[in-house]
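Chain by chain, the residues run as shown.
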Amino acid sequence: MATPATQATQDTIVEFDRVSLGFGGKPVLEEISFELKHGETKIILGATGSGKSVLLKLALGLLQPDSGRIWVLGQEISSLHEEELFPIRQRFGMVFQEGALFDSLTVGENVSYALERLGELGAEEAERRVREALRFVELEQAIEKFPSELSGGMRRRVAIARALVSEPEIMLYDSPTAGLDPITANRIVTLIIKRRDVSRVSSLLVTHRLQDAFELASFYYDPGQEKLLPVGTNGSRRETHTRFLVLREGEIAFHGRLEELVAARDPYLKKFLA
Amino acid sequence: MGLLNDLAKNWVLAVQEFILLSIRAVRNIFRSPHYMTDVLRQMDFIGFGSLPIVVLTGFFTGAVLALQMSKTLSTFGETSITGQLVMLSLVRELGPVLTSLMVAGRNSSGIASELGSMMVSEQIDAMRALGTDPSKKLVTPRLLATVVMLPMLTIISDFTGMLGGFATSFFMIHLNPSQYWTSALHALEFEDIFQGLVKPFVFAFIVALVGCYKGLTTHGGTEGVGRSTTQAVVLASVLILVSDFFITKIILAVLN
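Quick notes on the rules
- Residues numbered from 1 in each chain as written.
- Chains lettered and ligands numbered in written order.
- Predicted model: local features only at pLDDT ≥ 70, side-chain atom pairs only at ≥ 80, totals over all residues.
- Helix = DSSP H or I, 4+ residues; strand = E, 2+ residues; numbered from the N terminus.
- Contact = placed C-beta atoms within 7 Å.
- Nonpolar A, V, L, I, M, F, W, Y, C, P; charged D, E, K, R; others polar.
- Pairing = 2+ DSSP bridges.
- Buried ≥ 20, exposed ≤ 12 C-beta atoms within 10 Å, placed from the backbone.
- Core = buried A, V, L, I, M, F, W, Y, C linked by C-beta atoms within 7 Å.
- Axes fitted to C-alpha atoms, helices over the stretch in contact; angles between N-to-C directions.
- Parallel < 35°, antiparallel > 145°, perpendicular 65-115°, else oblique.
- Left-handed = near helix turned anticlockwise from the far one by under 90°.
- Expected span 1.5 Å × (residues − 1).
- pLDDT = per-residue confidence, 0-100.

Draft legend 1. Structural view of the overall build of chain B. When helices and strands are tallied, chain B shows 8 helices and 0 strands. When the helices and strands of chain B are placed in sequence order, the string is α-α-α-α-α-α-α-α. Taken along its principal axes, the extent of the C-alpha atoms in chain B is 65 × 50 × 35 Å. Within chain B, contacts between residues separated by at least 24 positions form 89% of all contacts whose residues are at least 6 apart in sequence.

Laid out in structure tokens, this is it:
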């Protein structure tokens, strides 16, 4: 029998095993089990309060489960102390719901904050990477600005740059397009697809915008044409390595591909997708 | 009964969390990384920023003390020892306590609202996610800055209080300046100075840690930030006054 620390296979990046968590006696997540494979994007859907953001925080070790186990990159994190978690968190990039940029730091300082933990980087290399990350989100010109001078969409894009700059192995996106106008939301989804297809980073993405979720599953980024294309282009079916996880009141209501989700007969899922 | 049980449990849990945060904050002083820029920035904000209110409070406390003392002393024909009474009252008690209360009003609330806002906007989570320990980056610099600056502010407050007392004595009571200063300086002993510096040192822990604890346990959006800010000032002020009694009792017992 495998020991807990080695239970997850090489191909499994994150694994939840019967994870439950509650606040003030009220259950938020109950017996959640799933795996995130290498290079896979898992889109977590669900109504408000269904435990989507809590699930991301559990994966990052920001919250500890009441029961069950969580493995990240082959290591069980559910029983680790805060200081033992820091090296594991260095392998994550997280985009928080409202960006969570540090108000007192400029855009450039916010992004370079993620590089401070990589002490071996020189000042020149750090600045090059900060500019490159900001260029990726098309905000290099805002490097000297403070978060309060930016719009909501720009703040979200800076948050993506901050999460990407250290080139993490796992990306966590908490409602990256919530509350944004369609153009900005589309731009952010494009960035996420680009990141997925160019770097093959494994991701957990929380959203309640179905159009974003469907776009993520049915489009891929073509570096040659530098634009998004539908997966059925040129008669070939591209694999976007995207799966869906639907939560209903803290439990998994669905786990699978887009086609399976669309074809599901469950009344809740039908209502959710309507 | 169930409600009482819950309240008692929450209270014990809060005390436990406060003590753990305090231990971590002190332990961080001896562990890297050290955020010296943050310490200096906080020293500027807490120390230099509090200077105007501390100077004003000190000056007028000394002035009103001299006024009250001279009125009482004049019935015994002893107005010449006004300086002595002002000095002892300020250095032993009013200087440390009033300065700490003013600094608590300004900084415990400031710290609680700043950290509380960071908490509800997920900046603290972002900090943890980016591999930074918030107790090292946010709590320890504020604690160090307050511990260094509060005793200094108290000394300044004592001095300006003496000036306030002198202004009253000279312009209103018409006391001889040398009489005021000589009686004041002769009355001062090591015990008084020791007491006057130990108190702000202890109060600094209360001011910084209560503000940080209330800020880092904020929940419930902007309403929660307001609640934490108010609670931080009230709790810090009450703890300062309560601990003042016990510190005085202990110092008097030890020195006598």
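Draft legend 2. Examining the interface of chain B and chain A more closely. Each partner contributes residues to the interface: chain B has 10 residues there, and chain A has 16 residues. The class makeup of the residues in the side of chain B that touches chain A is 3 nonpolar, 3 polar and 4 charged.

Draft legend 3. Looking closely at the sheet that holds strand 1 (residues 12-23) of chain A. All names here are of chain A. Strands sit in the order 2-1-4-5 across an open sheet of 4 strands; the sheet is antiparallel. Every other strand in the sheet has two partners, leaving strand 2 (26-37) and strand 5 (75-76) as the edge strands with one partner each. The pairing of strand 1 with strand 4 (residues 67-72) spans 5 bridges and is antiparallel. Note that in strand 4 the partner of S20 across the bridge is S67.

Draft legend 4. Fine view of the pairing of strand 4 of chain A. All names here are of chain A. Sheet topology places strand 4 next to strand 5; 2 bridges connect them, and they run antiparallel. Within strand 5, the position partnered with W71 by the bridge is E76. The hairpin formed by strand 4 and strand 5 contains 2 residues between the paired strands, and L73 there has a positive phi angle of roughly 50°.

Draft legend 5. Seen up close, unusual backbone geometry. The peptide bond linking S32(B) to P33(B) adopts the cis configuration, its omega dihedral lying at 0°. Structurally, P33(B) is set in the loop between helix 1 (2-28) and helix 2 (36-74). If you check the backbone angles, H241(A) has positive phi at about 50° while not being a glycine. Residue placement: H241(A) occurs in the loop between strand 10 (227-230) and strand 11 (242-248).

Draft legend 6. View of the environment of E35(A). Residues and elements named next belong to chain A. Structurally, the position occupied by E35 is in strand 2. The class for E35 is partly exposed, based on 18 C-beta atoms found within 10 Å. C-alpha separation for the pair E35 and F16, spaced 19 residues apart in sequence, amounts to 6.4 Å. With sequence-adjacent residues up to four places away left out, E35 is seen in contact with T12 and E15.

Draft legend 7. The arrangement of the nonpolar core in detail. Grouped together as the largest cluster of nonpolar side chains are 74 residues, with contacts concentrated most on I44(A), A59(A), V111(A), I160(A), A161(A) and L172(A). Here V111(A) is in contact with V130(A), A133(A), L134(A), V158(A), A161(A), R162(A) and V165(A), once residues within four sequence places are set aside. Counting 35 residues, the second-largest nonpolar core is a separate cluster that includes I111(B), M119(B), V207(B) and Y213(B).

Draft legend 8. Representation of the packing of helix 1 of chain B against helix 7 (residues 190-216) of chain B within the structure. Residues and elements named next belong to chain B. Look at helix 1 against helix 7: their axes get within 10 Å of each other, and the N-to-C directions meet at 120°. Viewed along their axes, helix 1 and helix 7 adopt a mutual orientation that is oblique. Considering the relative orientation of helix 1 and helix 7, their crossing is right-handed. Of the residues in helix 7, those touching helix 1 at F18, L21, S22 and A25 are L209, C212 and Y213. Each residue belonging to the contact of helix 1 with helix 7 can be placed in one class, and the counts come to 6 nonpolar, 1 polar and no charged.

Draft legend 9. Region of interest: the sheet that holds strand 3 (residues 41-46) of chain A. Residues and elements named next belong to chain A. Taking strand neighbours across the sheet as the criterion, the 6 strands line up as 6-7-8-3-11-12 in an open arrangement whose pairing is mixed. Strands with a single pairing partner mark the edges of an open sheet, and in this sheet they are strand 6 (92-95) and strand 12 (251-256). Neighbour to neighbour, the strand axes of the sheet diverge by 15° on average, direction disregarded. When strand 11 meets strand 12, the two strands line up antiparallel, connected through 5 bridges. Note on strand 12: the bridge partner recorded for V246 is F254. Across the sheet, helix 5 (residues 152-164) lies against strand 6 and strand 7 (170-174), angled at about 175° from strand 6, the strand it touches most.

Draft legend 10. Geometry of helix 5 of chain A. Residue and element names in this part refer to chain A. Compared with an ideal rise of 1.5 Å per residue, which puts 13 residues at 18 Å, helix 5 spans 19 Å between its outermost C-alpha atoms and is within 8% of the ideal. Burial analysis of helix 5 places 10 of its 13 residues in the buried class, the great majority of the element. In this structure, the buried side of helix 5 is in contact with strand 6, helix 3 (107-116), helix 4 (123-136), strand 7 and helix 6 (182-199).

Draft legend 11. Up close: the packing of helix 2 of chain B against helix 3 (residues 82-120) of chain B. Residues and elements named next belong to chain B. Look at helix 2 against helix 3: their axes get within 8 Å of each other, and the N-to-C directions meet at 145°. Regarding helix 2 and helix 3, the two cross each other, and that crossing is right-handed. Within the contact of helix 2 with helix 3, the residues separate by chemical class into 14 nonpolar, 11 polar and 1 charged.

Draft legend 12. Here's a closer look at the environment of E84(A). All names here are of chain A. Inspection of the secondary structure puts E84 in helix 2 (residues 82-89). With 12 C-beta atoms counted inside 10 Å, the residue E84 sits in the exposed group. Sequence separation between E84 and S67 is 17 residues, and the spatial gap between their C-alpha atoms is 19 Å.

Draft legend 13. Structural context of the confidence of the model for chain B. Scored by pLDDT, chain B comes out at a mean of 93, with 100% of its residues at no less than 70. Two numbers describe this predicted complex: its pTM, 0.86, and its ipTM, 0.85.

Draft legend 14. Just the pairing of strand 6 of chain A, in detail. Residue and element names in this part refer to chain A. A two-sided burial pattern is seen for strand 6, the buried positions comprising F92 and M94 on one face and G93 and V95 on the other. The pairing of strand 6 with strand 7 spans 4 bridges and is parallel. Paired with G93 across the two strands is M171, which belongs to strand 7.

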